There are 2 protein chains.
Amino acid sequence: MQMIRAQITNRSLTPGAKLPSIRSVAANMQVSKSTVVEAYDRLAAEGVIRSRPGSGFYSAAPLAPLSLAELAPRLDRAIDPFWVSRQSLEAGQGMLKPGCGWLPSDWMPEEDIRRALRNLARTTEHPKLTDYGPPLGLAPLRQFLSRRMAEQGFHVGPDQVLLTESGTQAIDLVCRLLLQPGDAVLVDDPCYFNFLALLRAHQAKIVGIPYTLEGPDIERFEQALTEHRPRLYITNSGLHNPTGASLKATTAHKILKLVEAHGVIVVEDDIFADFEIEPAPRLAALDGLEHVVRIGSFSKTLSASFRCGYIAARPDWIDKLTDLRIATGFASSPLSQDLVVNVLGSSTYRKYLETLRVRLAKARADTIRRLRALGIEPWLEPNAGMFVWCRLPARLDAADVARGALNEGVVLAPGNVFSPSQTATDSMRFNVAQCTNERVFTVLERAMANVA
Amino acid sequence: MQMIRAQITNRSLTPGAKLPSIRSVAANMQVSKSTVVEAYDRLAAEGVIRSRPGSGFYSAAPLAPLSLAELAPRLDRAIDPFWVSRQSLEAGQGMLKPGCGWLPSDWMPEEDIRRALRNLARTTEHPKLTDYGPPLGLAPLRQFLSRRMAEQGFHVGPDQVLLTESGTQAIDLVCRLLLQPGDAVLVDDPCYFNFLALLRAHQAKIVGIPYTLEGPDIERFEQALTEHRPRLYITNSGLHNPTGASLKATTAHKILKLVEAHGVIVVEDDIFADFEIEPAPRLAALDGLEHVVRIGSFSKTLSASFRCGYIAARPDWIDKLTDLRIATGFASSPLSQDLVVNVLGSSTYRKYLETLRVRLAKARADTIRRLRALGIEPWLEPNAGMFVWCRLPARLDAADVARGALNEGVVLAPGNVFSPSQTATDSMRFNVAQCTNERVFTVLERAMANVA
């Protein structure tokens, strides 16, 4: 193996060149043929060489290098709804990401996942390892979700639950079913930036409703219904992203009366449910899925590395969504769904969530204290979750601050990426779980000073 | 645990009822509190009971039953491009699926996958278990694909490869980028039925080109270019689905000259590459990704249970496709991508492919012999792959035969689900790997007799 590697490195074996025959190598090196076969097989497994059946072994094409663009953050990218996603997902190991929307990996239930992987490696249900799953997704996970929703107060059969590859894909499928280009869609202002990216991909007309401490501003909501005749309203009821606020019961009731009267469908994204200590009222629970589509995923508290989300909706829509999902993605991943239900059902996961909520409470308090020391004031001190929505001092432009911080390897989340009306220029979202490193605050302070 | 289970079964503990306190149970049963805690924890892990922190344990809502619709095949469904997908994916364990598009699970590289799962359970790269991956997908798999394409004769950097959740999702993203509703798209007639379902979801105008033993009928192809001014042509070059034919070099060259002249983009689906013994010419290799987008996946020979596909295209398109993919699905699955590259790189997988090709050759010969015995004639005896495209005797309607066979638990693939022009009424696709059970042929014979 060393000899072949050396010949490839010093180019005495050029890419695609035929390797000496097993017999000749065995003779020259005075080893058994089987030794040479074993060495060639290992090199082939590593991709250093390739076998062509009946023809012998050849040196492989060299490993293509990654381009610089992939190895460094792009500083020139416009600050749009993709900015935080791209910067956070592309950020190298060394970078800090107080702007990103997920927990640090060492906060996640890693041991539960390792156990689930070991269980799956031992499974006697062979198809689970290799086959497509049923159109709706694995039954045990759909039954688990059906039971959880029953505990939230509404009854949804497992055959009214469609498993998807992510919460985002769930909303995308709903939009594909219910939206035509040009349709108006209501969102909260501010809202999760990827709702805006998704709705642009659907050529929808985005209408922002100012978000208050009780939920969306109900008068503006009613005005928008008559003025824009929207098809959908997309929101998070429990732990709104980015503000960390929660929908109040009276607002929830008013929203439902209005959407019923105007024939609007609510897409309720329940992705942050497992962070909640006191669950907020749910539109899906009050309405029972007549005018509400419930979507959710497990990427925030379980894992984002295997993709799984769900849609709970009226049976006739589930049937149409299932065809749409076959047409556009064929099947979902039984392997991911098995890992998810395996972890969700474990008592250690339940204990992890309790510990996580306590850990986040401490991180929220610490982060808010440190932000205030820099003159950065939270809009609300949330009672759960990882996000704090803040205002920078002296009307500083958060986009300029974010660009400056990115130069020092810190990814921030400037307010306007969340704001359809672009009225959050001096606001910023902080992920408290990603703010435990002192450097976040020193870089932030310097970046603010440079734009002041 | 037995006591609580019994009380739930005999309804002395109704759903949602509070369980007796740990102290009281310990006292009544004269066991230690820790024993009761352990029992309650296990029941909670099973989902039989739920804990409400600070409040105690409650019996959980009952496990929701699956509806009958999920447990039996639907016989009333119209025979459209979804028919084979839905019937095959919904088919219970007992059913036979000579119409489906995948190998039996016991033909798949199960041990390689178990090993990859065990390796992943031991990984020291913690983020791989819990974090989102980079926007393009894991670098090692993109580098592997880049090297494989170099060996097919065209050079594509790893940063020109976008990993997706499936080959279908790959085509869907390309259609979302390049198609507007009403655009014309050329497909082969017959072609993979899900191309038709996907293009309908995009409201494209589908134009079928008769498929010949050399590839698409080149005169009809040229006519269609001038008549319909299509935006895309979607095809399989190696082992065409459903016919098992392969594109000939002269046809490939003519197609490229025509699409260059008319500004059409070819989407080349390479999903069956690993079945090939003598690789067919590739449009992507001849063109070098100027007018061709290469897509592919690993679901046919590696696993369909963890989803992974790819797009190789011009850098400017890859950047747009990456944003589109974030907007509509956020991130891909590093866990799936790690499992795929782990298996692809192993020497045992290479050996498995060699064995599989031999096994398929035998299955093709056996199946063709048995079909001929029933008067069913192959359009072509393919030299690789799992599909044989056949004509039924006496102009029998394959849809009627398929409905009859479904009544006896056998899923067939009637010709017109593959045919945009609906001119394959008496044709049928057989998957030779799913035809090893004698019952396939007895049911087929009876179904044909009943409609004759």
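The model shown is predicted, which means the values in this text are computed figures rather than measured ones. (Residues numbered from 1 in each chain as written. Chains lettered and ligands numbered in written order. Predicted model: local features only at pLDDT ≥ 70, side-chain atom pairs only at ≥ 80, totals over all residues. Heavy atoms only, no water.)

### What to know about the domain arrangement of chain A
- You can read the domains of chain A as domain 1 (2-59), domain 2 (70-107 + 350-451) and domain 3 (126-344).
- On a C-alpha basis, the centroid separation for the pair domain 1 of chain A and domain 3 of chain A is 55 Å. (Domains from an automatic or database assignment.)

### Comments concerning the relation of the copies chain B and chain A
- Taken as rigid bodies, chain B and chain A are interconverted by a rotation of 180 degrees and an axial shift of 0.0 Å, the fit giving an RMSD of 0.0 Å. Expressed as a symmetry operation, the mapping of one chain copy onto the other fits a two-fold axis.
- By residue overlap, the copies meet face to face through one surface: 100% of the interface positions of chain B are interface positions in chain A. (Least-squares fit on C-alpha atoms with pLDDT ≥ 70 in both. Contact = heavy atoms within 4.5 Å.)

### Re helix α5 (residues 83-90) of chain A
- Counting buried positions along α5(A) yields 7 of 8 residues, so the element is predominantly enclosed.
- Here α5(A) has its buried residues at A:Trp83, A:Val84, A:Ser85, A:Arg86, A:Gln87, A:Ser88 and A:Leu89.
- If you follow the buried residues of α5(A), they end up packed against α10 (193-201), α17 (398-407) and β13 (413-414) of chain A together with α14 (315-329) of chain B. (Buried < 20%, exposed > 50% of the residue type's maximum accessible area, 1.4 Å probe, protein only. Helix = DSSP H or I, 4+ residues; strand = E, 2+ residues; numbered from the N terminus.)

### Observations regarding the interface of chain B and chain A
- At the junction of the two partners, chain B supplies 100 residues and chain A supplies 100 residues.
- Interface area, chain B with chain A, both sides summed: about 8,300 Å², of which 54% is carbon and sulfur.
- Ranking the residues of chain B by area buried against chain A places B:Leu89, B:Tyr132 and B:Arg147 at the top, with a combined share of 9%.
- At the junction of chain B with chain A, the criterion picks out 6 salt bridges.
- The partner of A:Arg86 in a salt bridge is B:Asp323, with the nearest N and O atoms 2.4 Å apart.
- Seen at the junction of chain B and chain A, the total is 36 residue pairs in polar contact (both at pLDDT 80 or more).
- Looking at the side of chain B that touches chain A, its residues break down into 43 nonpolar, 30 polar and 27 charged. (Buried area = accessible area lost by both parts, 1.4 Å probe. Salt bridge = Lys/Arg side-chain N within 4 Å of Asp/Glu carboxyl O. Polar contact = N/O pair within 3.5 Å; in protein donor to acceptor, adjacent residues only side chain to side chain. Nonpolar A, V, L, I, M, F, W, Y, C, P; charged D, E, K, R; others polar.)

### Notes on the side chain of A:Glu268
Residues and elements named next belong to chain A.
- Tracing the backbone shows glutamate 268 in strand β8 (residues 265-269).
- What makes glutamate 268 buried here is its relative accessible area of 0%.
- Within the local environment of glutamate 268, its side chain forms a polar contact with the side chain of serine 237, the two groups lying 2.4 Å apart.
- If sequence neighbours within four positions are ignored, glutamate 268 has contacts with Thr235, Ser237, Arg282, Leu283, Ala284, Val292, Val293, Arg294 and Ile295.

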